[in-house]
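A look at the structure
Listed here are the chains, written in short residue letters.
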Amino acid sequence: LCEEPFNHTDSCPATKPSMLNVHLVPHTHDDVGWLKTVDQYYYGGRNYIQHAGVQYILDSVVSELQKDPARRFIYVETAFFHRWWSEQSAKTRNIVTQLVQEGRLEFVNGGWCMSDEASTHYSAVIDQMTLGLQHASIFAQMGYDGFFFGRLDYQDKGRRMKMKEMEMVWRASESLKPPTADLFTGVLPNGYNPPAGFCWDQSCSDDPVQDDPELEDYNVDDLVNKFISISKAQADVYKTNHIIMTMGSDFQYENAIPWYKNMDKLIHYVNARQKNGSAVNVLYSTPSCYLQELNLAKQIWPIKTDDFFPYADDAHDFWTGYFTSRPALKRYERLSNSLLQTCNQLEVLGGSQSRDGPFGKGDSETMRRAMAVAQHHDAVSGTEKQHVANDYAKRLGIGWDHCQVLVSNSLAALSGSNVPRVFCENLNISVCPLTEGSKRFSMNVYNPLARPISWSVHLPVNGSSYSVQDSNGMAVNSQVIPVSKATQNLRRGRGYAKNELVFQVQAPPLGFSTYSIILLGRAGAPDEPKRAAPVSMQNKYLKATFDPTTGLLSGLTNLETQQSIQLSQNFYWYNASNGNDESRQTSGAYIFRPNSSTPYTISSKPVVSTLQNSVVQEVRQQFSPWVSQVVRLYEGSRDLELEWTIGPVPVDDGLGKEVITRLDSSISSAEYFYTDSNGREVLQRRKDYRPTWDLKQTEPVAGNYYPMNSRAFIKDKGSQLTVVTDRSQGVSSLNNGSLEIMLHRRLLYDDYRGVGEPLSEPGEFGDGLVVRGRLLLTLTPPETAADAHRPLAQGMVLQPLLSFQDGTPSAIVEFSALQASLPPAVHLLTLSQWDKDSVLLRLEHQYESSESKTYSKPVTVNLQKMFSTLKVVGASEMSLGANQWKANMTRLQWNTGNDAHIYTCSNPTPWEITLNPMEIRTFLLNVQLR
């Protein structure tokens, strides 16, 4: 696994320094699900949807590569290759291994799939990369030297072509010292497609190279002239005498013969012109060989520090709709990530019994693969056909089943109880048959974070009075409240609980606590909510005020810092475009294009009711039959919760709808707002502005939307309003002091990007998808805001796992795998079983270098003193992708003209390890159970 990776550049073809070298890179782009499911794509099923069969691509390419040692091919999707590899004979495996060792078959990316960049959370991306690199470990590196991509904003591309800045060094972090997070980045000239007229796949209609002069259609001279002309034009917008051309596209090379036969001829005839003075040299190549030549060119490369969002491929075609598309799938993926981390941890902590115990055989691998597939850029992005979205969800569901067996086995080992456990997956709509019917039950709260947590639970019940005790037998303050009308309507017969039992739970770091719940009485009913909005609701930390006329939120006060803002919130919808005289572009799965910059208000005066007790205060707002919300403040909470429910979105009026919530405040944000990048670093955004070029804004709403994975905020000198979300969504700030978040989309037209169907999810009952979610609001001084939103966001991503047992609690009611909580700046990102005696550990510093006076400092952790149940007897540091030893990592150095940092590999790690802001360190630990 951790041997020195192959150095493919040793086998790179020779180039000619005095000529323009054109690197042809044969490749295929094989979506791990899009118009067809993963299985259908692999086997070539349902070709009436799209002709594609990945197994045949790999068969054909391997066969053709053997015919000429000059030929090259690159491959990306390990999910497909792993499946194909498992079916091959020893002879074929040896051939493929040799092709890789000779640099003729090169694996790029190395992940299980090519993940999305906008809708993914960094923890899930790292997992899917690790899975892919495990299975392609003899081929791949993580510690990349370069990144090449095809899609960037058309205005940005135009400027870069003029300035010869199509290739750059992307400095992706302000916190990590260069060149730690520097990545050489190149914009491909034709997306990932071949140049026009040179596609020789069986799916294309371009003319082959017809080189028999006796034939009427002889075309060598014309094709060579055209290719040389295209090459020179491309070279005019790049810095060096090396250019790259991608020769392939979606699911191409199912028959590799026409591709290689015509490329062989093209190379031969173009290079033959050199005898007559031509200075163009064509060769088979790979990205690593191309990258090596750029590195040898000793150019000074421009630096990029922002990102590439939002992306438009034309004036009215902004790819900002998919930031929100399929919001239920986006939430299910995020919940599945949380369960996977818990599953990984408990597999380690429960020992071998976790995989084979009293509840049968369980595993984490099924969920790991399902989650890896879900990171694909047509999966969690929401840009697939409906039947494919269903398949992604089904795969995750199977993963849940496997993980729940493992979790049950592990908790049985750790708690000493083999009583069956129930996992209630529909608590968000108050459905859990065990809690609804049982007179006495216990609840295990497992906390996957490395710090203690407090969490509010709502359990569906039918009694009116309950006793709740914690792990120490102490009474816990609890209240019974009626299930809301909105939730009753949402369940549609899936549950019959009349009430909810509400209380706060605590759980130790990387461990569990147990709560005992006993029914005391069924007589009577809890107090019904009062039919009006309160003037305010508050606890000792926070106060929210409401407009007595409208029942809407009107203000927020932090009682600790004595800061107040005016704050209103409502729901609106943009009318989705179906094309107009200006552009035929419609709103669809990818594209967001509203008909107007002014959204429609759903209701300016919702029906409001109020419920207040010693545990929770709720203002329930019904805006329309399809939009409702609960504004919720828990005792002891420093954040205000907005639980929104939207759907089925009505479209019988013929209008597609993009549903948003908007927060309007008195904060003087001056058109600036801030969003997270994949749940990690925070980027400054500004309305109608791009840091890299002078923007000509053509879509004033869609052109200002950005992805929000876990948080967004606005601020002025005195106050910061931060919104933490439970899934990836689109967000913008179109007015001073305003933040709007797109929550749901239901559209009537396809957007011409290949999906071929409108984004109109039917939901479980066929009349439209209903989605429920949560936003958490904090109000803080800007200088201490990160101290609040960092742990809050991590808590939303890694939620406690609740499991229930009928009867009395287990023998062991409390457990922690840590000797003590990790320091507040340190997040335990990964704890998973590697092999029989080894576990993979990732620790990260979760603060940026300048965002917290308290926590933006280096912090040291002792690996031997971390765990209470594991004895660490060895530790070796690895690359982030866990596919090579950190000491063996070497990367190309790039001259940016303003820094002289040298990348040095660290020595084998001591027990004391230090984390700098935003740093993630990965270790393979040799452990024994204590």
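Procedures and definitions
Residues numbered from 1 in each chain as written. Predicted model: local features only at pLDDT ≥ 70, side-chain atom pairs only at ≥ 80, totals over all residues. Heavy atoms only, no water. UniProt positions renumbered as here; feature names shortened; annotations may be inferred. Disulfide = S-S within 2.5 Å. Helix = DSSP H or I, 4+ residues; strand = E, 2+ residues; numbered from the N terminus. Buried < 20%, exposed > 50% of the residue type's maximum accessible area, 1.4 Å probe, protein only. Pairing = 2+ DSSP bridges. Axes fitted to C-alpha atoms, helices over the stretch in contact; angles between N-to-C directions. Contact = heavy atoms within 4.5 Å. Domains from an automatic or database assignment. Buried area = accessible area lost by both parts, 1.4 Å probe. Salt bridge = Lys/Arg side-chain N within 4 Å of Asp/Glu carboxyl O. Polar contact = N/O pair within 3.5 Å; in protein donor to acceptor, adjacent residues only side chain to side chain. Nonpolar A, V, L, I, M, F, W, Y, C, P; charged D, E, K, R; others polar.

Labelled according to an unreviewed UniProt entry, the protein chain appears under the name Alpha-mannosidase, originating from Astyanax mexicanus. UniProt's Catalytic activity (unreviewed entry) comment on the protein chain is quoted here verbatim: "Hydrolysis of terminal, non-reducing alpha-D-mannose residues in alpha-D-mannosides."

The next point concerns the state of the cysteines. Under the criterion given, the structure shown has four disulfides. The residue that forms a disulfide with Cys-12 is Cys-289, at a sulfur-sulfur distance of 2.0 Å. The disulfide joining Cys-12 to Cys-289 has a torsion of about -90 degrees about its S-S bond and is therefore left-handed. Placement of the pair is Cys-12 in the segment before strand 1 (20–26) and Cys-289 in helix 9 (residues 287–296), with a sequence separation of 277 residues. Taken individually, Cys-12 and Cys-289 each receive the classification buried, so the pair is uniform in this respect.

Next up on the list: the UniProt feature "domain: Glycoside hydrolase family 38 central" (unreviewed entry) in the protein chain. Here, UniProt's "domain: Glycoside hydrolase family 38 central" (unreviewed entry) annotation points to residues 317–396. What you have in residues 317–396 is 55% helix and 5% strand, and the ends, taken at the C-alpha atoms, are 32 Å apart.

Right, let's talk about the sheet that holds strand 1 for a bit. As summarised here, the arrangement of the three strands in space is 7-1-8, forming an open sheet in which the pairing is parallel. Both outer strands of the open sheet, strand 7 (242–247) and strand 8 (280–284), are each paired with one neighbouring strand and no more. The mean inter-strand angle of the sheet, taken between neighbouring strand axes irrespective of direction, is 25 degrees. As defined by bridge partners, strand 1 adjoins strand 8 across five bridges and the pair is classed as parallel. Looking at the pairing, Leu-20 lines up with Val-280 of strand 8. Helix 8 (residues 257–272) rests against strand 1, strand 7 and strand 8 of the sheet, and its axis sits at about 155 degrees to strand 8.

Interface size is commonly expressed as the accessible area that is lost once the parts come together. Under the domain assignment, the protein chain is made up of domain 1 (327–523 + 801–816), domain 2 (573–605 + 643–782) and domain 3 (826–929). Taken over C-alpha atoms, the centre of domain 1 sits 31 Å from the centre of domain 3. At the junction of the two partners, domain 1 supplies 13 residues and domain 3 supplies 12 residues. Taken over both partners, the interface formed by domain 1 and domain 3 buries close to 1,000 Å², and the fraction arising from carbon and sulfur atoms is 65%. Area buried by domain 1 at its contact with domain 3 is led by Val-348, Leu-349 and Leu-510, which between them contribute 40% of it. Run the count over domain 1 and domain 3 and you get zero salt bridges. For the interface between domain 1 and domain 3, the tally reads two residue pairs in polar contact (both at pLDDT 80 or more). At the level of elements, helix 10 (327–349) and strand 37 (814–816) are the ones that each hand at least two residues to the side of domain 1 that touches domain 3. The element that contributes the greatest number of residues to the side of domain 1 that touches domain 3 is helix 10, accounting for six residues. In the side of domain 1 that touches domain 3, the residues fall into six nonpolar, five polar and two charged.

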